[in-house]
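What follows is each chain in one-letter form.
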Amino acid sequence: MEDIMTITPLGSGQEVGRSCHLLTFRGTTIMLDCGIHPGYDGIAGLPFFDRVDPEQVDVLLVTHFHLDHAASLPYFTERTKFKGRIFMTHPTKAVIRLLLGDYLRLMTMKKGAGGELSQDDDVLYTEAELQSCVDKIELIDYHQTIDLNLPSGLKFHALNAGHVLGAAMFFIEIGGRSVLYTGDYSMEEDRHLMAAELPRYHTSPDVLIVESTYGVQVHASRAEREARFTGTIERIVSGGGRCLIPVFALGRAQELLLILDEYWKDHPHLQSIPIYYASKMASRALRVYQTYANMMNARIRSQMDLGNPFSFSHIRNLKSIDVNTFDDRGPSVVFASPGMLQSGVSRQLFDRWASDPKNGCLIAGYAVEHTLAKEIMSQPKEVVTMEGRRQPLNCLVDYVSFSAHVDFVQNRDFITSVNPTNIILVHGAKEEMGRLKGALMLQYNKLPENKRPTIAMPPNEVEVKLIFTRRRSAKVMGKLAETPADDNDDQVEESKAKAVVEPREGDAVRGILVTQQNSSKIVAPEDLSTYTPLRVGSVSSRLHVPFVGKIETLRMFLGEMFRDIEETREDNETDVDGADDEGVVTFSIGSQVKVIAGKTKGVATVEWDCSPVGDVIADSLVALIMHAQSSAASIRLTGRPCRHRSKKAREGDLENQATAEEHLRAVHQALSDQFLSVEATYEARKGTFEVKLDANDNASEESNGLVCTATVEFENILDGTAKVTVECEDEKLTANVRGCVQNVVAASAPIAMD
């Protein structure tokens, strides 16, 4: 049977911006990220939600707080019929509330509504809708596995992506297949964040959905980029100019602030020049970073023991800034949002400073197509201000990448390490994505064809369909995954310090097979509650069987059928006429079933714990009890007993002798069925059988015939043990006769309840 996995980019397919991907498999739909395109306003910037039925989306996973990955979230949750669940990390939720609140303010300000929220399409949600959306968000920690108990068996966990604080990759297991979605990730540790981690303790994913922002570009070294960044700023301010650094309020801004504050400390001649962090969220953003310092790298964690690394010595926070009254007569450095120069303080300052050649604008992150930040990187002679007038672009424009995306070498090495079966490239311009795909295909062409992954780079709204054959496998877990070391095992010498060795191929496994949500596992009964939501229970049954015979009769019949019966006796406290003199007798057949007689007149009680074996034994006991009161032996034993001891003993011997004779006759019948001539003589518990074989019936023609004599003597008729001897000149005939006799003796013996 085959299943089809469908992956559809609703955004960031052959583009950067409005990351949103739809994954459908085995009846479950997952949405990965829900961003906006920074180059478009209002509805135009949304992902292509018209291609999806929001009611069918079971879960929405958000990798990090950047607007191009999260800003459409309130619109999708509040203005569509989406009823699913939303997951993100703790820092992501904390920052999203701040960023989306600021984004709402900018949308409203750009609409020119004078602070009143607009219901027009250009304003995607209200403050109340934003709060309602945030209230629906559920949290996930790194390495925490979430199981939604869906029929497809969907479960997922988050891995550190290194891109910004709280950024996560999602490793998804669904329908017996696995998908790794990287979102934006960085493999380089910086001043405050750790590098992304590789998924461990998992086999290679079936599908890798990976960013391709920089295509085949290779970043300069971090030291080189920092030197160029600080050197450009120093050159601008030393010439009396003002340096604008457009950034998003949170993310790369904190990294750049750490770099510049450290540079100012090391260069006293610059300390008279102010550095401003112009953001309404400045202080709140830094509090968030302080709160989650434990999720940053070792450098920040060690500094937190001494003080607050985000308490800057040479950077001033500006909660509000009026560009018209801002004193910019001297040189200064201003970090202002948003990073794409589309609106807000960064755009206002750019419009004011762009015509002065002493000033500079330093783009420190990735610039998305159709934004002013991307436009000015091509050094046009004129730009259009927010008021719509044209003005010359005379200021210095430079670009130094601190965007925390992987370059080609880092991306290629990550993909190679993960070793996926299928690769889906997203979040990259068409040209860059195409170059990356070509470079990867060139690399994989060196492998055998059956080991090459498929590589796709779908545009928006184009489905990628992957066909998978359903896997039929089960994980062996708990005690069953370990086997006692064998003294003859070659591994014993290496495993002396261990109590167990790993099982090997071909070893038998006995346990309980549990299949839940397309995932099967085999566990020992005692491990059932540990590895599954199931618990071991038992059902006890009690059956009252009419029995008017004597307990002695029942004892005899049980003894003939079962071996090693435990018998306990107690006085009958109830004064019942005709109750058995022996009191209440309990016969325990192994650990499975009990028969209680003498407690109630005319009734024998069968008790057992329900199980395949217990049910079979109980059924046989019911039949045995019914037979015990209707057979000839029952009538003879239930008559009035004689008080003469010697005669009673003789009667017991005669009974045992009769039973032995029945078993000997069964041996005779079995031999007669196999051989033409069998003569039998019986003496008490002993039987002698003479098997004659004509010469023509045997391979040997030297004698006129063969005679084989078999002797069977029952030593203890109660447990069915017998001494068997066979004498014959022909070894083959001897073996055949012995085997036949031993099989009959074993079959007639009471059943051992081990």
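So, here is what we can say about the structure in this document. (Residues numbered from 1 in each chain as written. Predicted model: local features only at pLDDT ≥ 70, side-chain atom pairs only at ≥ 80, totals over all residues. Heavy atoms only, no water.)

Quick look at the sheet that holds strand β13 (residues 275–278)
With parallel pairing, six strands are arranged side by side in an open sheet as β14-β13-β15-β12-β16-β19. Sheet topology places β14 (315–318) and β19 (396–399) at the edges, where each strand pairs with a single neighbour. Taken pair by pair, the neighbouring strands of this sheet meet at an average axis angle of 20 degrees, ignoring direction. Across four bridges, β13 lies against strand β15 (residues 332–336) in parallel orientation. Counterpart to Ala 278 in the pairing with β15 is Ala 336. In the packing of helix α5 (residues 222–238) onto the sheet, contacts are made with β12 (242–246), β15, β16 (360–363) and β19, and the angle to β19 comes to roughly 170 degrees. In the packing of helix α9 (residues 344–353) onto the sheet, contacts are made with β12, β13, β15 and β16, and the angle to β12 comes to roughly 150 degrees. (Pairing = 2+ DSSP bridges. Helix = DSSP H or I, 4+ residues; strand = E, 2+ residues; numbered from the N terminus. Axes fitted to C-alpha atoms, helices over the stretch in contact; angles between N-to-C directions. Contact = heavy atoms within 4.5 Å.)

Comments concerning the nonpolar core
Judged by nonpolar contacts, the single largest core of 102 residues is most densely connected at Met 31, Phe 229, Ile 245, Val 333 and Phe 335. Sequence-distant contacts of Val 333, defined by excluding residues within four places in its chain, comprise Ile 233, Val 237, Cys 243, Ile 245, Leu 260, Trp 264, Pro 274, Ile 275 and Tyr 276. Counting 31 residues, the second-largest nonpolar core is a separate cluster that includes Leu 23, Ile 30, Leu 154 and Ala 456. (Core = buried A, V, L, I, M, F, W, Y, C linked by side-chain atoms within 4.5 Å. Buried < 20%, exposed > 50% of the residue type's maximum accessible area, 1.4 Å probe, protein only.)

Examining the packing of helix α3 (residues 90–111) against helix α4 (residues 127–136)
Across the interface, α3 lies against α4 with an axial gap of 11 Å and an inter-helix angle of 165 degrees. As judged from the angle between their axes, α3 and α4 are roughly antiparallel. Seen along the crossing, α3 lies across α4 with a hand that is right-handed. Counted together, Lys 93, Arg 97, Leu 100, Gly 101 and Leu 104 of α3 and Glu 127, Leu 130, Gln 131 and Val 134 of α4 form the full contact between these two elements. Along the lines of polarity and charge, the residues of the contact of α3 with α4 split into four nonpolar, two polar and three charged. (Parallel < 35°, antiparallel > 145°, perpendicular 65-115°, else oblique. Left-handed = near helix turned anticlockwise from the far one by under 90°. Nonpolar A, V, L, I, M, F, W, Y, C, P; charged D, E, K, R; others polar.)

A closer look at the pattern of salt bridges
Using the criterion set out here, one finds 32 salt bridges in the structure. Between Lys 136 and Glu 78 there is a salt bridge, with the nearest N and O atoms lying 3.0 Å from each other. Taken together, the residues span a long stretch of sequence, with Lys 136 in helix α4 and Glu 78 in helix α2 (residues 73–78) at a distance of 58 residues. For Glu 78, a relative accessible area of 22% gives the class partly exposed. (Salt bridge = Lys/Arg side-chain N within 4 Å of Asp/Glu carboxyl O.)

Thoughts on the side chain of Gln 391
Looking at where Gln 391 falls in the secondary structure, it is placed in strand β18 (residues 390–392). Among the residues examined, Gln 391 registers a relative accessible area of 6% and is labelled buried. Reaching out from Gln 391, the side chain makes a polar contact with the backbone oxygen of Asp 351 at a distance of 2.9 Å. Residues in contact with Gln 391, not counting those within four places in the same chain, are Phe 350, Asp 351, Ala 354, Lys 381, Glu 382, Val 383 and Thr 385. (Polar contact = N/O pair within 3.5 Å; in protein donor to acceptor, adjacent residues only side chain to side chain.)

So, the environment of Leu 257
Positionally, Leu 257 belongs in helix α6 (residues 252–266). Judged by relative accessible area, which is 0%, Leu 257 ranks as buried. Once the C-alpha coordinates of Leu 257 and Phe 312 are considered, the two residues, 55 residues apart in sequence, prove to be 8.1 Å apart. Those residues within four positions of Leu 257 in sequence are excluded, and the remaining contacts are Tyr 277, Phe 312, Ile 315 and Phe 335.

So, the sheet that holds strand β31 (residues 584–589)
If you trace the five strands from one edge of the open sheet to the other, you get β28-β33-β32-β31-β30, paired in antiparallel fashion. Looking along the sheet, the strands with just one partner apiece sit at the ends: β28 (540–546) and β30 (566–570). Here the strands of the sheet are splayed against their neighbours by 20 degrees on average, with no regard to which way each runs. Relative to strand β33 (residues 603–609), strand β32 (residues 593–600) runs antiparallel, the two sharing six bridges. Bridged to Val 593 within β33 is Trp 608. Sheet strands touched by helix α14 (residues 551–561): β30, β31 and β32. Its angle to β31, the strand with the most contacts, is close to 10 degrees. Strand contacts of helix α15 (residues 612–628): β28, β31, β32 and β33, with the helix running at about 170 degrees to β33, the strand carrying the most contacts.

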